Amino acid sequence: PDEQDILSQYVGWGGLPQFFEESNAPYAELKVLLTEDEYTAARESTLTAFYTPKFLVQAVTKQIHTTFKDNGLQMRLFLEPSAGIGGFLPVAMSDTCGYAIEKDPVSGLILSLLNDNTITRTAGFETIDEQGFKHTKFDVIASNIPFGNFRVFDAELWKKGGIYEQATKTIHNYFFVKAMELLNEG
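Cut-offs used in this document
Residues numbered from 1 in each chain as written. Predicted model: local features only at pLDDT ≥ 70, side-chain atom pairs only at ≥ 80, totals over all residues. Heavy atoms only, no water. Helix = DSSP H or I, 4+ residues; strand = E, 2+ residues; numbered from the N terminus. Rg over C-alpha atoms; globule rule 2.2 N^0.38 Å. Buried < 20%, exposed > 50% of the residue type's maximum accessible area, 1.4 Å probe, protein only. Contact = heavy atoms within 4.5 Å. Areas by Shrake-Rupley, 256 points an atom, 1.4 Å probe, with all protein chains shown as cover. Phe/Tyr/Trp six-rings, centres within 6.5 Å; stacked < 30°, edge-to-face > 60°. Arc of directions from axis to C-beta.

Engineer: Kindly report on the overall build of the protein, identifying the contributing residues and their values.
Structural biologist: When helices and strands are counted, the protein shows eight helices and four strands. If you list the helices and strands of the protein from N to C, you get α-α-α-α-β-β-α-β-β-α-α-α. Computed over C-alpha atoms, the radius of gyration of the protein comes to 17 Å, within 12% of the 16 Å expected from 2.2 N^0.38 for 186 residues, which places it in the range of a compact globule. Residue burial in the protein is summarised as follows: out of 186 residues, 42% are buried. For the protein, restricting intrachain contacts to residue pairs at least 6 apart in sequence, the fraction spanning at least 24 positions comes to 56%. Carbon and sulfur atoms make up 55% of the accessible area of the protein, which totals about 10,900 Å².

Engineer: Go over the side chain of Thr 52 with me, naming the residues and quoting the values.
Structural biologist: Relative to the helices and strands, Thr 52 is located in the loop between helix H3 (36-44) and helix H4 (54-70). The contacts of Thr 52, once residues within four sequence positions are left out, are Val 57, Phe 88 and Asn 144.

Engineer: Outline the packing of aromatic side chains, listing residues and values.
Structural biologist: One pass over the full model with this rule turns up eleven aromatic pairs. Relative to Tyr 39, the ring of Tyr 27 lies with its centre 6.2 Å away and its plane at 85 degrees, an arrangement referred to as edge-to-face. Here Tyr 39 lies in helix H3 and Tyr 27 lies in helix H2 (residues 25-33), a separation of twelve residues in the sequence. Both rings, one in Tyr 99 and one in Phe 133, keep their centres 4.7 Å apart while their planes meet at 55 degrees; by these two values the pair is tilted.

Engineer: I'd love a proper account of H3, names of residues and values included.
Structural biologist: Listed as buried for H3 are Tyr 39, Ala 41 and Ala 42. End-on view of H3: buried residues confined to an arc of 165 degrees, all on one side of the axis. Among the exposed residues of H3, those pointing more than 90 degrees away from its buried face are Glu 36, Asp 37 and Glu 44. Against H2 and helix H5 (105-114) lie the buried residues of H3.

Interpretation in functional terms is not warranted from these geometric data alone.
Laid out in structure tokens, this is it:
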């Protein structure tokens, strides 16, 4: 529990590109502590890895739980794409099967260590169909998705064309459209 408390304070690399410049002190330490793949992923995540403050997650969680209870709905399956260390996992209600996917390997490792009851994968959201999840549709999908003018290659959405293909041109639109495709009816 003490180690998990320490790990839960990890906030990712969002907004810290200077740590990856050779002229700064953290650079040499990061090159020693991280594998080449971890270093590359961490550096790439400086543009998109911004974690949501807990008070906002708590407000979203409270509203979703209230909506489900007030309407007699049951949340059976929950997904947090771009999970970081699982900030939105509290949205999943008790007896909900939770899934989380995170691209950054360091964040993904911490995610799995903090969330024993959640099925986690360290991979890009665009590979969700290849992750072997028992369920492929979800009742609720909640996350602080990445924003930016980055393309995402998703063959399934490209094949559909139109708005689906257009959505792959910016990472935030991609996450919205992909998530909508993964929601259960109702």
